[in-house]
Each structure stands twice: as C-alpha cells, then as structure tokens.
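Okay, here's what each chain looks like letter by letter:
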Amino acid sequence: MEIQARAKINWTLDVVGKRSDGYHLLDMLMQPLALCDTLRIEPADELSLRIQGAEGLSTQEDNLILRAGKALRQAAGINAGAAICLAKRIPMGAGLGGGSADAAAALKGLNRFWQIGYGLETLCEIGVKLGADVPFCLHDAPRRAQGIGEILSPIESRVFPLVLIQPCEALSTKEVFTAYHSADILSPDTQKAASALALGDLIALKAAAGNVLESASIPLRPQIAQAKAALFENGAAFAQMTGSGSVVFGAFEAESAADRAFEILKNQYPVCIRTATAL
C-alpha cells in the first residue's frame, strides 16, 4: 500500500490564549499542498521503519510514524506488524507539518492495512495525542483550526501556484513563542481572510491575513523577511512564513508567474520548491 502525506501551509496563525497545561490556544486557516511525502506499507511480523531522502531523521521509537502505529495498535488491542518505508520530500523544521502529515498518513494507512475500520473521528482522537496538527492532516482539506488545533471546521479555498523558500535554520517552537510573548503583535482578521480565500482574492487576503509567529521570528531570523521580500519582488501576490517557520511561501495569480519566480529564486536559495495548494 502507498499513501501520500501532504504538507500544509498556514494562511493565518493567531494565538488567542493559553491552557492551564501550557498548550497555546490557536486560530488558524490551513490548507494542504501538492508537495508530499510517501509512505509505502508492506506485510511484516514486526513494526519497522526505514527512510529515504532525510539523513539524520530517526527510524527509532521516537519517530512519529512508529509512535502513530503503536498508538493505533494499542487502541485496537492488536499486535500486528508492518514494514514502512518513508520517502521524504517535505523539508524538516519548516512549518510545513511534515512530521504530523507522516503520522496522519501512518494512522490512515495502517488503519486500512490492518483492517481495523476506525472512522476519521476516532483516528483524530488518537492523532491529537501525537501532535496538534495531526487531526488537520487526517482531514487533509482546507480547514479553520481552533483550540490546540483539534477543533476543525471546513473553509473554502482555491488552487494557488506556490513557491516555497527555506531561507535559514528553524527556530525551536519554544523560542518562537517566547519571542511572541515578549512582543506587541497585531492579530490577523481571520474571518476576513477566510472570505478572501473563498473568493480566491489574494490581494484581499494579504490585507487580512497574517502569522503572529512570523513577526516574532523575524528579529531572530532576519532571513525570513528577506525571503518574503524576494517573493514579492518576483511577482508573488501574497507571501508569508508558515507555522513556526522557517519556510516562507509565495502565492501567485498565475502558473506562469510562479514558474518565472521559481527559475530566479532557485539560484538564490538552496531549498526552493515549486508546488501548489490542494483541495
């Protein structure tokens, strides 16, 4: 069995509170991308993982894919095995949700592979314990995500041509949130941004959207602002950091404009990817 694990971007990211257990309460508009990792699942007596395309990524028990498989086995009360091979294409430390996407794909794939038969709601209950973005990745469609990421509601969006740039090393999520709490940052207008997305209006989206963690990250990683400026200079109608970084994406009005920008920017940035949003 092969299953795709699609990356995601944040059109908006707002911090609206904090729970007593330390988790931040968020309000986000997110959309999956055509860019994806691939999981191949084959029969085996034991649960194992090997990885292609990502040196240094653990294949041990701390990997989210194996954690997802073990959590699913425990919930179902089974002891089945599977040999999983991950072909990694989503950059790591990027804010693109690659680890969460892989965990979600493992839950969906193994649920079918082992013929467990759990529905999406049950898989989300298992997935949220693995990571806040896992329920979104299980839905694998444009969503407004609230709470810690587990409260999901459908939103309308379009297919937009994208160019992704990873201009620097990632900050830790802890570093970004610490910087956020020490700064005075304006929140995006999430409702207006959702309306602009539904219309496919990138200009209106630019006026309403925002990622509060971007503003917190730029003083620590000025390359993020430089990459954003480079995308606008090369024709992007919208550009923003995704998640807690460090990838910056540019959305374009036309495929040809995105192609031109990619041809220029790929010579300036070692990690530069041409992709598109997905529905």
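Residues numbered from 1 in each chain as written. Predicted model: local features only at pLDDT ≥ 70, side-chain atom pairs only at ≥ 80, totals over all residues. Heavy atoms only, no water.

A. Spotlight on empty space enclosed by the protein. Inspection of the entire model under this criterion finds one cavity of 30 Å³ or more. Estimates place the volume of the largest cavity at around 60 Å³. Around the largest cavity, the lining residues are Q4, A5, R6, A101, A104, A105, K108, C137 and D140. Elements with a minimum of two residues in the lining of the largest cavity: β1 (2-18) and α2 (98-113). A total of four residues in the lining of the largest cavity trace back to one element, the largest contributor, which is α2. Classifying every residue of the lining of the largest cavity gives five nonpolar, one polar and three charged. (1 Å grid on protein atoms, 1.4 Å probe; cavity = no way out; pocket = protein on both sides within 12 Å on 5 of 7 lines; lining within 4 Å. Points joined across faces, edges and corners; volume = space filled by probe spheres on them. Helix = DSSP H or I, 4+ residues; strand = E, 2+ residues; numbered from the N terminus. Nonpolar A, V, L, I, M, F, W, Y, C, P; charged D, E, K, R; others polar.)

B. Structural context of the sheet that holds strand β7 (residues 161-165). If you trace the four strands from one edge of the open sheet to the other, you get β9-β10-β7-β11, paired in antiparallel fashion. Because the sheet does not close on itself, it has two edges, and the strands there are β9 (238-241) and β11 (272-276). Mean inter-strand twist for the sheet, computed between neighbouring axes without regard to direction, equals 20 degrees. Pairing between β9 and strand β10 (residues 248-251): four bridges, direction antiparallel. Within the sheet, the bridge partner assigned to A239 lies in β10 and is G250. (Pairing = 2+ DSSP bridges. Axes fitted to C-alpha atoms, helices over the stretch in contact; angles between N-to-C directions.)

C. Summary view of the packing of helix α1 (residues 64-76) against α2. Two numbers describe how α1 lies on α2: the axes approach to 8 Å, and their chain directions differ by 35 degrees. Crossing angle aside, the handedness with which α1 passes α2 is right-handed. Contacts between α1 and α2 involve L64, I65, A68, G69 and L72 from the former and G99, S100, D102, A103, A106, L107, L110 and N111 from the latter. Residue composition of the contact of α1 with α2, by class: eight nonpolar, four polar and one charged. (Left-handed = near helix turned anticlockwise from the far one by under 90°. Contact = heavy atoms within 4.5 Å.)

D. Summary view of the packing of aromatic side chains. Taken as a whole, this structure holds four aromatic pairs when the rule is applied. Note on W11 and F249: the rings are 5.5 Å apart at their centroids and 85 degrees apart in plane angle, and the pair reads as edge-to-face. Residue W11 is located in strand β1, and its partner F249 is located in strand β10; the two are separated by 238 residues in the primary sequence. Put simply, the rings of W11, F160, F238 and F249 touch in pairs and so form one group of aromatic residues. (Phe/Tyr/Trp six-rings, centres within 6.5 Å; stacked < 30°, edge-to-face > 60°.)

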